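Coordinate analysis (summary)
These are the residues of each chain, in order.
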Amino acid sequence: MLSVQNLRAAYGESEVLHGISLDVKPAEIVAIMGRNGMGKTTLMKTLMGIVPEKGGDAWIGDTSVLGMKPHQRVASGIAYVPQGRMIFSAMTVRENIETGLTTTGTKTVPEDIYELFPVLLEMKSRRGGNLSGGQQQQLAIARALASEPKVLLLDEPTEGIQPSIIREMARTLRRIRDEKRLTIVVSEQVLSFALDVADRVIVIENGTFVHDSPRDGIDEARVSKFLSV
Ligand SMILES: Nc1ncnc2c1ncn2[C@@H]1O[C@H](COP(=O)(O)OP(=O)(O)OP(=O)(O)O)[C@@H](O)[C@H]1O
């Protein structure tokens, strides 16, 4: 469903992604793990067209998104929950979710989004800025789902979130995958969350994938070592 071939990206003269290749199947969840500054956010931003690709290609199903603007990529079926959530603080919960509807042509928030996140239904009329960190993360995911994506990218969704809420988030993401057959790529530094949520774990170091393992049978010690060095 998501196919990335030899993707490269740079900030000015400094290349940060050195030829990333990745295939993620429909309804598969992949966690991309790596320490700060290894290139996780740059990979997501490049897939969304926020950072221009310097080489390579990326496909959503049969569509190459190469050279597309971010909104065209969203229309092609890829959605993004950025690091730090980036919800609109002054807008209500409902209005925040509605900003995700622009590519679908519908005006009202689909019921199933509130079924996944009942707390957002309760808080529909509250301002986004008044929600807790965990609730804001749910809101950011709900907004991304409103564009009816085939592929969902989440950049460090556990950052600044309490452990009990992190476990619930893993359950919710797996439920979304099961119900919507969504392909999910999540960048992470927390190994326990990655092991809870993902079918496959990949480690990125200095803009290159250095380890790729199915969740079952993963060498946890080896992955931890990559994250702690
Ligand atoms: N706007 C930018 N301009 C120049 N260099 C940047 C920019 N954004 C990131 N970088 C550099 O690119 C490299 C990869 O950064 P990136 O943010 O993708 O890492 P990350 O793995 O997501 O880290 P974090 O966990 O801190 O978000 C780092 O060396 C970083 O300093």
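Residues numbered from 1 in each chain as written. Predicted model: local features only at pLDDT ≥ 70, side-chain atom pairs only at ≥ 80, totals over all residues. Heavy atoms only, no water.

- Going by an unreviewed UniProt entry, the protein chain carries the name Urea ABC transporter ATP-binding subunit UrtE and comes from Roseobacter insulae.
- You can read under Sequence similarities (unreviewed entry) in the UniProt record for the protein chain the words "Belongs to the ABC transporter superfamily." (UniProt positions renumbered as here; feature names shortened; annotations may be inferred.)

Observations regarding the overall build of the protein chain
- Counting its regular elements, the protein chain contains nine helices and ten strands.
- Rg of the C-alpha trace for the protein chain: 17 Å, near the compact-globule value of 17 Å for 229 residues, within the 12% margin.
- Counting only C-alpha atoms and orienting by the principal axes, one finds that the protein chain spans roughly 45 × 40 × 30 Å.
- Within the protein chain, buried positions represent 52% of all 229 residues.
- Within the protein chain, contacts between residues separated by at least 24 positions form 69% of all contacts whose residues are at least 6 apart in sequence.
- Of the roughly 10500 Å² of accessible surface on the protein chain, 49% is carried by carbon and sulfur atoms.
- Charged side chains in the protein chain number 27 positive and 28 negative. The centres of these two groups are separated by 3 Å. (Helix = DSSP H or I, 4+ residues; strand = E, 2+ residues; numbered from the N terminus. Rg over C-alpha atoms; globule rule 2.2 N^0.38 Å. Buried < 20%, exposed > 50% of the residue type's maximum accessible area, 1.4 Å probe, protein only. Contact = heavy atoms within 4.5 Å. Areas by Shrake-Rupley, 256 points an atom, 1.4 Å probe, with all protein chains shown as cover. Lys, Arg positive; Asp, Glu negative; His and termini not counted. Charge placed at Lys NZ, Arg CZ, Asp CG, Glu CD.)

What to know about the sheet that holds strand β7 (residues 151–155)
- As summarised here, the arrangement of the six strands in space is β6-β7-β8-β3-β9-β10, forming an open sheet in which the pairing is mixed. If you trace the sheet from one side to the other, it starts and ends with β6 (78–81) and β10 (208–214), each paired once. Averaged over all pairs of adjacent strands, the angle between strand axes in this sheet comes to 20°, irrespective of strand direction.
- Inspection of the sheet shows strand β3 (residues 29–33) paired to strand β8 (residues 183–188) by five bridges, in the parallel sense. Residue Ile-29 lies in a different strand from β8, and its bridge partner there is Ile-184. (Pairing = 2+ DSSP bridges. Axes fitted to C-alpha atoms, helices over the stretch in contact; angles between N-to-C directions.)

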